[in-house]
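# Residue-level structural notes
Read off the chains here:
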Amino acid sequence: MINRRHFLTTVAIGTASAAALSACGNGSGSSGQTGSADKPVTINYTWWGNDDRAERTRKAIALFESKNPDIKVNGNFTDFAGYWQKRATEAAGGGLPDVMQWDLSYLRDYGQRNQLLDLGTVKINTDAFEKSLLPSGQIKGKTYGIPTSTNAFAVYYDPAKLASLGIAEPTGKWTWSEFQSFLKEVGDKGNGTLYGSTDFTGVWWQFNIWLRQKNMQAFNSDGKLGFSKDDLKTWWNLNSKLRGTQAIVPEERVTQLKPKSPFGSNVSAAEVTWDNFMAGYLGDSGAKELKLVPVPSDDPNNLGLFLKPSMLMVASAKTKFKDAAARFIDFMVNDPEVGQIFKTSRGVPASKTQRDGTTFDGADKLVVDYEKSIEQYLKDAPEPPIVGFGTLEASFGRIASDLNYGKVTVDGAVDAWFKEAEDVIKQNA
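Let us look at the structure shown here. (Residues numbered from 1 in each chain as written. Predicted model: local features only at pLDDT ≥ 70, side-chain atom pairs only at ≥ 80, totals over all residues. Heavy atoms only, no water.)

### Observations regarding the side chain of asparagine 302
- Along the chain, asparagine 302 falls in the loop between strand S9 (291–293) and strand S10 (308–315).
- In this structure asparagine 302 comes out as buried when scored by relative accessible area, which is 8%.
- A polar contact of 3.1 Å, which involves the side chain of asparagine 302, links it to the backbone nitrogen of glycine 304.
- Sequence-distant contacts of asparagine 302, that is, excluding residues within four places in its chain, are made with Arg212, Gln213, Lys214, Asn215, Ser297 and Lys379. (Helix = DSSP H or I, 4+ residues; strand = E, 2+ residues; numbered from the N terminus. Buried < 20%, exposed > 50% of the residue type's maximum accessible area, 1.4 Å probe, protein only. Polar contact = N/O pair within 3.5 Å; in protein donor to acceptor, adjacent residues only side chain to side chain. Contact = heavy atoms within 4.5 Å.)

Pasting the structure below:
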């Protein structure tokens, strides 16, 4: 069984959308807590994702309604960026949906402002969850989120592309220098048609892992940065010799390919990201097979890896249907048939009941096997980031993009990000 390590992380909300939304947080039908098959209550549920996740979610909703005829679920979804803009607008208007798919990055700010329901006050079975995982949804002793699944960071690669170039498949036992040599070899042999990867130094979570490999935390317990400008400068200089070469996908190309990734668009042979992206990458690329190996590290005994909840289920503090919301959350995180519907598209099921009731094969088995393979390297997850970190995570990627466009030097990029970090810390002190 996969060992679920302790993970706590939170950040704040992003900017609000100008569009006003209605009919959220109140449900429809009876104003009471319970309904009947003749007069079911209706709860609103929202999630982010692509069409594949939408199809799977609708199947899960239909299954829930068939087993709970006294509850109807009104579901809708959007992309990740638009999702948080809508939530910010709803929160400002006092009307969040009854139940929501949630990300750790936004848990603390909404929870601390009493906008999320304390799920410890309703009936949700958490017996099948490892106790070390549940604190990821808790703030000051109250449970605001229940993990649906776990994921971990990995290097994806396309074995067919490597074979076509005559490049050996990586074992995952590599240093940062060896990883960069791998990307350079792919770019050199790709002859202008295939790049190594996107610039991994622009990914906040990979930077976080690199810090952990050096026994540093991104944030201290007092809410201050746990690393220096020199540390970030070293990180962003790590790829300085690869930028502008075939080893790294040009930023202009990355922008042109959106919303798909270069890896999913068959422009690169590798990508560093979360392991639960497997289904999406396979669907986008049309590849017959993709593989996963651990991220590079200069210390073979410390890969800096950890398991985190890939997403959580939360409820609005203002829902009129707490019992119905709790039953739906319990169903979505525990029911084995729901596990069969989602497989690993949300990550590896966090509930042992759901995990043991799910058959994993093909791409799904690759993700499960990967998390088992890194079990010996998993460490305790980072301490919670500061309130307002959602903004800083976004700016980290934006500034790194400017770096790849050549709009800013490494020194300028570091100064710009630290200035934003200091402002956010000061505002939330």
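### Regarding the sheet that holds S9
- Read across the open sheet, the three strands follow the order S8-S7-S9; overall the sheet is antiparallel. Bordering the open sheet on either side are strand S8 (270–274) and S9, each of which pairs with just one other strand. The sheet shows a mean angle of 35° between the axes of neighbouring strands, direction not considered.
- Both strand S7 (residues 153–157) and S9 contribute to a ladder of three bridges, which runs antiparallel. Across the sheet, the residue bridging to tyrosine 157 is lysine 291, located in S9.
- The strands that helix H13 (residues 362–373) touches are S7 and S9; relative to S9, the one it contacts most, it runs at about 10°. (Pairing = 2+ DSSP bridges. Axes fitted to C-alpha atoms, helices over the stretch in contact; angles between N-to-C directions.)

### Focus on the nonpolar core
- Residues Trp204, Phe227, Leu232, Trp236 and Trp417 are the most contacted members of the largest nonpolar core, which totals 74 residues.
- In this view, leucine 232 contacts Phe207, Phe227, Phe396, Val414, Trp417 and Phe418; residues no more than four positions away in its chain are not counted.
- Core analysis: the next-biggest nonpolar cluster, separate from the first, contains 35 residues, Ile61, Leu133, Leu134 and Ala324 among them. (Core = buried A, V, L, I, M, F, W, Y, C linked by side-chain atoms within 4.5 Å.)

### Side note on the pairing of strand S3 (residues 99–102)
- The alternating pattern of S3 places Val99 and Gln101 on one face and Met100 and Trp102 on the opposite face, and all of these are buried.
- As judged from the two bridges shared by strand S1 (residues 41–48) and S3, these two strands associate in the parallel manner. Counted as the bridge partner of threonine 46 is methionine 100 from S3.
- Alignment of S3 against S10, held across four bridges, turns out to be antiparallel. Directly across from methionine 100, in S10, lies its bridge partner valine 314.

### Digging into empty space enclosed by the protein
- Here the structure, examined in full by the defined rule, presents two cavities of 30 Å³ or more.
- Of the volumes computed, that of the second largest cavity is approximately 30 Å³.
- Lining the second largest cavity are Thr148, Ser149, Val338, Gly339, Phe342, Lys343, Arg346, Gly347, Pro349 and Gln354.
- Secondary-structure elements contributing two or more residues to the lining of the second largest cavity are strand S6 (146–151) and helix H11 (336–342).
- In terms of residue count, the dominant contributor to the lining of the second largest cavity is H11 (three residues).
- Broken down by class, the residue content of the lining of the second largest cavity amounts to three nonpolar, five polar and two charged. (1 Å grid on protein atoms, 1.4 Å probe; cavity = no way out; pocket = protein on both sides within 12 Å on 5 of 7 lines; lining within 4 Å. Points joined across faces, edges and corners; volume = space filled by probe spheres on them. Nonpolar A, V, L, I, M, F, W, Y, C, P; charged D, E, K, R; others polar.)

### Some thoughts on the sheet that holds strand S2 (residues 71–78)
- Spatially, six strands are ordered S2-S1-S3-S10-S6-S11 in an open sheet, and the strand pairing comes out mixed. The open sheet is flanked by S2 and strand S11 (348–349), the only strands paired with a single partner.
- Contacting S1, S2 and S3, helix H2 (residues 80–93) crosses the sheet at an angle of about 135° to S1.

### As for the packing of aromatic side chains
- Applying the stated criterion across every chain, the model contains 44 aromatic pairs.
- Seen in terms of ring centroids, tryptophan 204 and phenylalanine 396 are 5.4 Å apart; in terms of plane orientation they differ by 85°. Their pairing is edge-to-face. Taken together, the residues span a long stretch of sequence, with tryptophan 204 in helix H6 (residues 204–213) and phenylalanine 396 in helix H14 (residues 389–405) at a distance of 192 residues. Of the two residues examined, tryptophan 204 and phenylalanine 396, each falls in the buried class.
- Aromatic pair phenylalanine 277 and tyrosine 281: ring centres 6.1 Å apart, planes at 75°, arrangement edge-to-face. (Phe/Tyr/Trp six-rings, centres within 6.5 Å; stacked < 30°, edge-to-face > 60°.)

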